[in-house]
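Listed below are the residues making up each chain.
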Amino acid sequence: MINLIKMSFIPRRIFPNFNLPLSNFKGHQQKALTKFGHLSPQIDLVLELRDCRAPISTINVLFDKVLGKKDRIIIYTKKDLSVINNDLLQKWHGINNEKYIFVDSRSHKDAKKVIQLISDYYYNMDPPPPLGLRSMIIGMPNIGKSTLVNSLRAVGYSNQVDSISKKKRKVAQTGGQPGVTKTTSEVIRLSEEPDILAYDTPGVFLPTVKDNETMLALSLVGCVHNSFIDPVIQADYLLYILNLQDPSGSKYREYIDHPTNSIDELLYHIALKRNKVRANGSFDESGMASHWTNLWKNGKSDRYKGLFDLQTIIEKDGKKLRVLFNAEKERVSTMSVTEKLNSSFGKSDAVNARRKRTAKDREYDLRNQLFRL
Ligand SMILES: Nc1nc2c(ncn2[C@@H]2O[C@H](COP(=O)(O)OP(=O)(O)OP(=O)(O)O)[C@@H](O)[C@H]2O)c(=O)[nH]1
C-alpha cells in the first residue's frame, strides 16, 4: 500500500488561497526609505542583501525607487542555510553582468571576500573618492545586515587590532527576530586602507507583497515575526514546497515513511515521534507546526538546508526572471507608500494575521489528497 502511495503520489501544484496579511510595513521603515532618498547623492555603492533561501521573494524593488540607479553588489546571505546553486544565480545575474556574492554574514572569511570586492570597486573609481567610499547596506528585515556590518568591520580592522578594541569593533546590534535596527546608523568606517564607510540601515519590507507564496517564503526565512502567520499554514506551505522539490517525501522521512500532501497527517506523525499525542489522540497542532518549521528556519542541521521560494524553484531562466522583476517594479510603482502604510495598520490585517486554518481548509486538503490518489 505504501509503495502504491509513493508511486501514485503527485505533489500539489497549487497552494490553498488562504486570506493572509500581505503587508508588514512599519513606520520606521517608511522613515528609513525617506532617509535613503536623502543620503542617496553621497552613496557610491549599494550593498543589497537578499536571502539565499528566497532570492526572488527577498528582492525589494522599493530600493530602486528611492535610491535611483546606483552601482551595487548583491550579497546573498545565510548561504549556510540554503541549497541554492551558483549556476542558477549566474544565469540570472550573468545577463546584466551584475556583481553578486554568497555569504554567511557571520563568517570572517566571507567578510574578507566582500571587503575585497568593495576594495576592487574603490581602486577602479576615477578619481578616488576624496572622503572615502560611502556604501549603504540595505535589505529586507532580519536578512543579516547588522551581522555583516560587524563582520566587515572586524575584518577591515583585523590588521589594526591594537588600535581598536574588540568591543568597539562590534557596532551594530543584531537579533533573531526582524526589526532590531530601527534607524539608519551614522556612517561606520569598515576599513581605513582603503577608506571604506557604510551606513547600516533598518530592514524594509514592501508595502504589500505580491502574493501569498511570497509572504510565506518571507515568513520562513524570518523577514516577518514568527507569530505573524499561523504556524500551521507556514508548515503547510513548507510541506508544499518540499514536495515540489522532492516528491519522494525524503525531506520528512524521519517522521513518516510515505509522501503526503496533508499537513494534518504529517503533524500527527511528528507528534507521534515526539511522544506528544495525548491519550485521547489529540495533540498541539500549532506547537508541532512551529517545531517543524523552526528546524528549517534555523537550519538545525545540514538536513534542513532550505529553498522556500516558489518562484526560484519555477523560474530557472534569467530572461524570465528579468520580466518578473520588471513586472514587480511596475506593480510597486503604482503604490503610494504612505497610503499603504496607513492601511497596513488597519483592523482587517490584524484580524487576518490571527486567522487560523478553518475546517473548510482541512476539507480542501483532504479532497486534494483523495483526488491525487
Ligand atoms: N546562519 C546564519 N545566520 C545569520 C546569517 N546572517 C545573519 N544571521 C542571523 O540572522 C539574525 C538576524 O541578523 P541581523 O544582522 O540582526 O539582521 P538585520 O538584517 O540587521 O535585521 P533588522 O534589524 O531586522 O534589519 C541574527 O540572529 C543573526 O545571527 C548567516 O549568514 N547565516
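Residues numbered from 1 in each chain as written. Predicted model: local features only at pLDDT ≥ 70, side-chain atom pairs only at ≥ 80, totals over all residues. Heavy atoms only, no water.

Undergrad: Requested: an account of the overall build of the chain, with residues and values cited.
TA: On a plain count of helices and strands, the chain comes out with 16 helices and six strands. For the chain, the proportion of its 373 residues judged to be buried stands at 54%. Sequence-distant contacts in the chain: of pairs separated by 6 or more residues, those separated by 24 or more amount to 75%. Put simply, the chain shows about 17,500 Å² of open surface, and 52% of that area lies on carbon and sulfur atoms. (Helix = DSSP H or I, 4+ residues; strand = E, 2+ residues; numbered from the N terminus. Buried < 20%, exposed > 50% of the residue type's maximum accessible area, 1.4 Å probe, protein only. Contact = heavy atoms within 4.5 Å. Areas by Shrake-Rupley, 256 points an atom, 1.4 Å probe, with all protein chains shown as cover.)

Undergrad: Explain the pairing of strand β6 (residues 196–200) to me, using residue names and the numbers behind them.
TA: Two faces make up the sheet, and in a regular strand the side chains alternate between them. Most of β6 sits out of view: five of its five residues are buried. Where burial is concerned, the two faces of β6 agree: the one with Ile 196, Ala 198 and Asp 200 and the one with Leu 197 and Tyr 199 are both buried. Note that strand β4 (residues 133–139) and β6 share five bridges and pair parallel. Each residue of the ladder has a partner; that of Ser 135, found in β6, is Ala 198. Taken together, strand β5 (residues 188–191) and the strand that follows it, β6, pair antiparallel across an intervening segment of four residues. (Pairing = 2+ DSSP bridges.)

Undergrad: Explain the pattern of salt bridges to me, using residue names and the numbers behind them.
TA: Opposite charge on two side chains lets them pair, provided their charged atoms get close. Overall, the coordinates contain 14 salt bridges when judged by the stated rule. Here Glu 48 ties to Arg 50 by a salt bridge, and the two come within 3.1 Å at their closest N and O atoms. Taking the relative accessible area as the measure of exposure, Glu 48 reaches 2% and is therefore buried. Through salt bridges with shared partners, a single network forms among Glu 48, Arg 50, Asp 64, Arg 72 and Lys 329. (Salt bridge = Lys/Arg side-chain N within 4 Å of Asp/Glu carboxyl O.)

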